[in-house]
Amino acid sequence: MRILAVFGTRPEAIKMAPVITALRQRPELECSVCVTGQHREMLQQALEQFKITPEFDLAVMQPGQTLHGVTQSVLNGVAAVIEDFKPDHVLVHGDTTTAMAGALAAFYAQVSVGHVEAGLRSFDMAQPWPEEFNRRVVDMVSERLYAPTTCAKENLLREGQPADHIRVTGNTVIDALDYALSTIDHQPELSTSLQKQFSFLNPAKRLVLVTGHRRENHNRGLSNICMALRDLAMRPDVEILYPVHPNPRVESTVRSLLGAVPNVFLLPPLDYFPFVWLMRRAHLILTDSGGIQEEAPHLGKPVLVLREVTERPEAVAAGTVLLVGTGRKRIYGETTRLLDDALAYHAATRCKNPYGDGTAAIQIAADLAALATARRSRRKPAQTRPQPLMTTVREILNVLQTPVQTRTM
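One structure accompanies this document, and this report is about it. (Residues numbered from 1 in each chain as written. Predicted model: local features only at pLDDT ≥ 70, side-chain atom pairs only at ≥ 80, totals over all residues. Heavy atoms only, no water.)

A word on the overall build of the chain. Counting secondary structure elements, the chain contains 17 helices and 13 strands. Taken along the three principal axes of its C-alpha coordinates, the chain extends 105 × 45 × 45 Å. The 409 residues of the chain split such that 54% are buried. If you take every contact in the chain between residues at least 6 apart in sequence, the share linking residues at least 24 apart comes to 68%. With the model as given, the accessible surface of the chain reaches about 18700 Å², and the carbon-plus-sulfur share is 56%. Taking the 44 positively charged and 42 negatively charged side chains of the chain as two groups, their mean positions are separated by 2 Å. (Helix = DSSP H or I, 4+ residues; strand = E, 2+ residues; numbered from the N terminus. Buried < 20%, exposed > 50% of the residue type's maximum accessible area, 1.4 Å probe, protein only. Contact = heavy atoms within 4.5 Å. Areas by Shrake-Rupley, 256 points an atom, 1.4 Å probe, with all protein chains shown as cover. Lys, Arg positive; Asp, Glu negative; His and termini not counted. Charge placed at Lys NZ, Arg CZ, Asp CG, Glu CD.)

For strand β2 (residues 30-35), a buried count of 5 out of 6 residues is recorded, marking the element as mostly surrounded by other parts of the structure. Bridging between strand β1 (residues 2-7) and β2 involves 6 bridges; their strand directions are parallel. Among the inter-strand pairings, F7 is bridged to a residue of β2, identified as V35. One crossover worth recording links β1 to the parallel β2 by way of helix α1 (residues 10-24), and it is right-handed. (Pairing = 2+ DSSP bridges. Right-handed = clockwise from strand over helix to strand, strands pointing away.)

Moving on to the packing of aromatic side chains. Scanning the model with the defined rule gives 10 aromatic pairs in all. Taken together, a centroid distance of 6.5 Å and an interplanar angle of 50 degrees make the contact between Y272 and F273 tilted. When its relative accessible area of 2% is taken as the criterion, Y272 is described as buried. Relative accessible area serves as the criterion here: at 6%, F273 is assigned to the buried category. When the ring centre of F85 is taken as reference, the NZ or CZ atom of R2 above it lies at 4.2 Å. (Phe/Tyr/Trp six-rings, centres within 6.5 Å; stacked < 30°, edge-to-face > 60°. Lys NZ or Arg CZ within 6 Å of the ring centre and 35° of its normal.)

Here is the structure:
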């Protein structure tokens, strides 16, 4: 089976890297990688850290490009790669425009689609936008649906997806996170380098790690988040580190409101390993990211989600994640509670990770290998056991005794 893995953003690369590694260890499978370049610089960082060299690079992103333009470029680009590579299966991840347009290109070409991280739902098309639409489209056209949790599987079943198309695997980000942690822990020079990179952090203060970039939070929502961080930065026992997304609307708002605030460090986007090091170093995390809601429980870190809804309710139910929205007072109040209430903090750190055991990629590769074997066996001509000699002779005699005009040959 020839598999084409298509992705274009840093989160996709991080979550697909373990899958690509597992696929390439299977002799039944041939895996090639197509990147769209939806996030060029941030994508390249992840590719280098996970040692992935794409066979196809579409480089679709242009300055000021709209979602319409990205969708059109990815759709046409992936269609051309499918025509060239002729895959039996196209594998996409998550809820990006790349995933949606890549899956649609495969569907139009009548090539089977597999969706890693299938079944996530916020049940609100506007939050997150356009991701909720994207993942629903991908699920609709997918033959293999790799759901990270039983909750995601139940969403798919309610929508009418066949049960035999769904596999609950856990989330591949746990596989990637375990790889990153192991690499940091077993490479002393890397660990030392990371400590030097963040030597400006004060070990006597508690680190609040922040990310924020969702489109629905642009403008007022992001301004409220920044004002809440200004309030938190007044505490002498806290320092805030915020790697700022390069989107101009995000960067201009964040730097104008937080650029001169003491105890706030604004950094450019970080490579994955440094960010993992920071997550483990942090006291708590504030984010509107999806992946961090899955990684932080694995690290035992409380997370305050800067959104009104989440498509990852499992961590909320477990108690390690709390939805706080984008209201200035609510963000400040809930962060202060976790900083000041030791019992509440420790309760959030002891929750069981609901996103799997770090074997999701192996399970996905095994499923596709089994699918390849099944398809190969269906292509072979039916094997018939040789008939006993006397039976064969009898059949010949019967034919010879049949009147000529009624024989069928």
